[in-house]
Amino acid sequence: MAKLTMTSPKGVAVYPRLDKPDTKFDEHGIYKADIKLPEDEGKAFIKAVKAKAAEDGISPKMVAKCFSKVLDDDEEETGEILVHFRVKNKVIKSGQRAGEIWDRRPAQFDARGRPIAKHKAVAGGSVIKVSFEIYEWAFGGKSGVSLQPEAIQIIELKEWSGGGDASSYGFGAEDGYADEGAPDFGDESDDDDLDGDDIPNYDDDEDDY
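Residues numbered from 1 in each chain as written. Predicted model: local features only at pLDDT ≥ 70, side-chain atom pairs only at ≥ 80, totals over all residues. Heavy atoms only, no water.

**Some details on the packing of aromatic side chains**
Geometrically, a pair of aromatic rings is defined through the distance of the ring centres and the angle of the planes.
Thinking step 1. For the structure shown, the criterion picks out 3 aromatic pairs.
Thinking step 2. Measuring from ring centre to ring centre gives 6.2 Å for Phe45 and Phe67, while their planes differ by 80°; the resulting arrangement is edge-to-face. On the criterion of sequence distance, the pair formed by Phe45 in helix H1 (residues 39-54) and Phe67 in strand S6 (residues 67-71) is long-range, its members being 22 residues apart. Each member of the pair Phe45 and Phe67 is classed as buried.
Thinking step 3. A ring pair is formed by Phe45 and Phe132, whose centres lie 6.0 Å apart and whose planes are at 80°; its orientation type is edge-to-face. On the criterion of sequence distance, the pair formed by Phe45 in helix H1 and Phe132 in strand S12 (residues 127-139) is long-range, its members being 87 residues apart.
Thinking step 4. Judged by relative accessible area, which is 0%, Phe132 ranks as buried.
Thinking step 5. Aromatic ring contacts, followed pair by pair, group Phe45, Phe67, Phe85 and Phe132 into a single cluster. (Phe/Tyr/Trp six-rings, centres within 6.5 Å; stacked < 30°, edge-to-face > 60°. Helix = DSSP H or I, 4+ residues; strand = E, 2+ residues; numbered from the N terminus. Buried < 20%, exposed > 50% of the residue type's maximum accessible area, 1.4 Å probe, protein only.)

**Digging into the confidence of the model for the protein chain**
Thinking step 1. When the pLDDT values of the protein chain are averaged, the result is 83; 79% of them are 70 or greater.
Thinking step 2. When mean pLDDT is taken per element in the protein chain, strand S5 (residues 35-37) scores highest with 98 and strand S9 (residues 90-91) scores lowest with 83.
Thinking step 3. Every residue in residues 183-209 is under pLDDT 50, and counting partners more than four places away or in other chains gives 47 contacts. (pLDDT = per-residue confidence, 0-100. Contact = heavy atoms within 4.5 Å.)

**Here's the deal with the nonpolar core**
Thinking step 1. Ranked by size, the top nonpolar core spans 29 residues in total, and within it Phe45, Val49, Phe67, Phe85, Phe132, Ile134 and Leu147 carry the most contacts.
Thinking step 2. For this core, the secondary-structure elements that each account for two or more residues are strand S1 (4-7), S5, H1, helix H2 (60-64), strand S7 (77-83), S12 and strand S13 (142-156).
Thinking step 3. What Phe45 contacts, discounting residues up to four positions off in sequence, is Met6, Thr7, Ser8, Pro9, Leu37, Phe67, Val83, Phe85 and Phe132. (Core = buried A, V, L, I, M, F, W, Y, C linked by side-chain atoms within 4.5 Å.)

**Things to note about the pairing of S13**
Thinking step 1. When strand S11 (residues 107-109) meets S13, the two strands line up parallel, connected through 3 bridges. In the strand pairing of S13, Phe109 is matched with Gln153.
Thinking step 2. Strand direction decides the pairing type here: S12 and S13, joined by 13 bridges, are antiparallel. Residue Phe132 lies in a different strand from S13, and its bridge partner there is Pro149. (Pairing = 2+ DSSP bridges.)

Structure follows, in structure tokens:
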């Protein structure tokens, strides 16, 4: 079976986990590089991924489950498409490293294509491109397809600092002490719609995705 790899268009990151894996639902951790794309660009990308997967006989309906529709705060469709890029860490089962965790953290590159030695804590709202593998899996009587991120290119970086900004604590600007080394986060209002937990899975029976 040939390895099927592609690179996504640039999109807005939605709840990424790219410096440390998310261990909430998997003890070994999952790296996430989900992005949202404008409707037209998203539909074209879905068709491209399906065509690439078909080269290896992978069902278009299985590929479709890697995409979903974005909803706003009123549960209305925005027209944008969410692309799910996920890869799990694994336990090495044989050889000298048997029992160790295979850390599958995606490599990071800057906008000029240079490798980033110290991984950035990429936050939602960053603009990234994703290099990924179309991976067909089967386990425990079930089967499916996942888009597994191998590397990302950071076009515009918003970095997670481990806490909210001043407004999330009810603080505003006042006259007085100013930390000259503090980062300028600018207007964070565009991040309000990045709640990926409220986005439904794409329904295969709708539209022509």
